[in-house]
Amino acid sequence: MKKRVNSANLVVRESIETALIELMKKKPLSDITISEIVERAGVSRVSYYRNYYYKEDVLFASMDKIAAQWKIQSGSISDNFGEQIIELFEMERPLLEIIYNNHLEHLLYKLIRKYCGLEEKIENNALAYLLSLIAGAFFGWCDEWVKRGMQETPEEIKQMLKQLETQKNNKA
């Protein structure tokens, strides 16, 4: 994905992202054309291609923006990262449904890896593997929750996490 940051361009990007998500509420990503996106967004094709290469880039940018805003609101990623992720997923349930209905879970995994610090070059191999393990575990947990229909409330998920922590401490 290309990066452009002037304020007028931010409006263009926001329009494109909103347009794509609105279109995805009605039909699969694979059936949506760039022409439909730009028409709904009220921008030119040149503006689209100045900012994005692929439709998935648009969706990822929207997800990343939501995650960045959430990170600012929640302070920082803490020891309660799992709980924070579950809360974010609950807040963004409609977007998650769009992602899963379009079989785009890999974008969610990519986002979790980014927020675990795996987008940067990590010189320490052990740390890189540990962060990858953590990212995979959180993705797996959240993926299973979404695939099961997000039946449990965030509070119930938090309780499960606490039970696992207690079990781990009792075995230690």
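The structure we're discussing is the one just above.
Residues numbered from 1 in each chain as written. Predicted model: local features only at pLDDT ≥ 70, side-chain atom pairs only at ≥ 80, totals over all residues. Heavy atoms only, no water.

Remarks on the overall build of the chain
- Helix and strand counts for the chain come out as 9 helices and 0 strands.
- Across its three principal directions, the C-alpha atoms of the chain cover 60 × 40 × 25 Å.
- Within the span of the chain, comprising 172 residues, buried residues form 40% of the whole.
- Considering only contacts in the chain between residues 6 or more positions apart, those separated by 24 or more positions represent 60%.
- Of the roughly 10300 Å² that the chain leaves accessible, carbon and sulfur atoms contribute 53%. (Helix = DSSP H or I, 4+ residues; strand = E, 2+ residues; numbered from the N terminus. Buried < 20%, exposed > 50% of the residue type's maximum accessible area, 1.4 Å probe, protein only. Contact = heavy atoms within 4.5 Å. Areas by Shrake-Rupley, 256 points an atom, 1.4 Å probe, with all protein chains shown as cover.)

Overview of helix α2 (residues 34–41)
- For α2, the complete set of buried residues consists of I34, I37, V38 and A41. The buried residues of α2 occupy one face: seen down the axis, they fall within an arc of 90°.
- Those residues of α2 hidden inside the fold are in contact with α1 (7–24), α3 (45–51) and α4 (55–73).
- G42 lies just past α2 and shows a positive phi near 75°. (Arc of directions from axis to C-beta.)

A closer look at the pattern of salt bridges
- Tallied over the full model, the rule gives 7 salt bridges.
- In this structure, D143 engages K147 in a salt bridge whose closest nitrogen and oxygen atoms are separated by 3.1 Å. Placement of both D143 and K147 in helix α8 (residues 125–147) is noted, with a separation of 4 residues, approximately one turn of the helix.
- When its relative accessible area of 54% is taken as the criterion, K147 is described as exposed.
- The structure contains a network of salt bridges with shared partners spanning E14, E17 and K65. (Salt bridge = Lys/Arg side-chain N within 4 Å of Asp/Glu carboxyl O.)

Details of the environment of M24
- Tracing the backbone through its elements, the reader meets M24 in helix α1.
- Sequence separation between M24 and L59 is 35 residues; the distance between their C-alpha atoms is 9.9 Å.
- For M24, the contacting residues outside a window of four places in its chain are L29, I32, L59, I98, N102 and L104.

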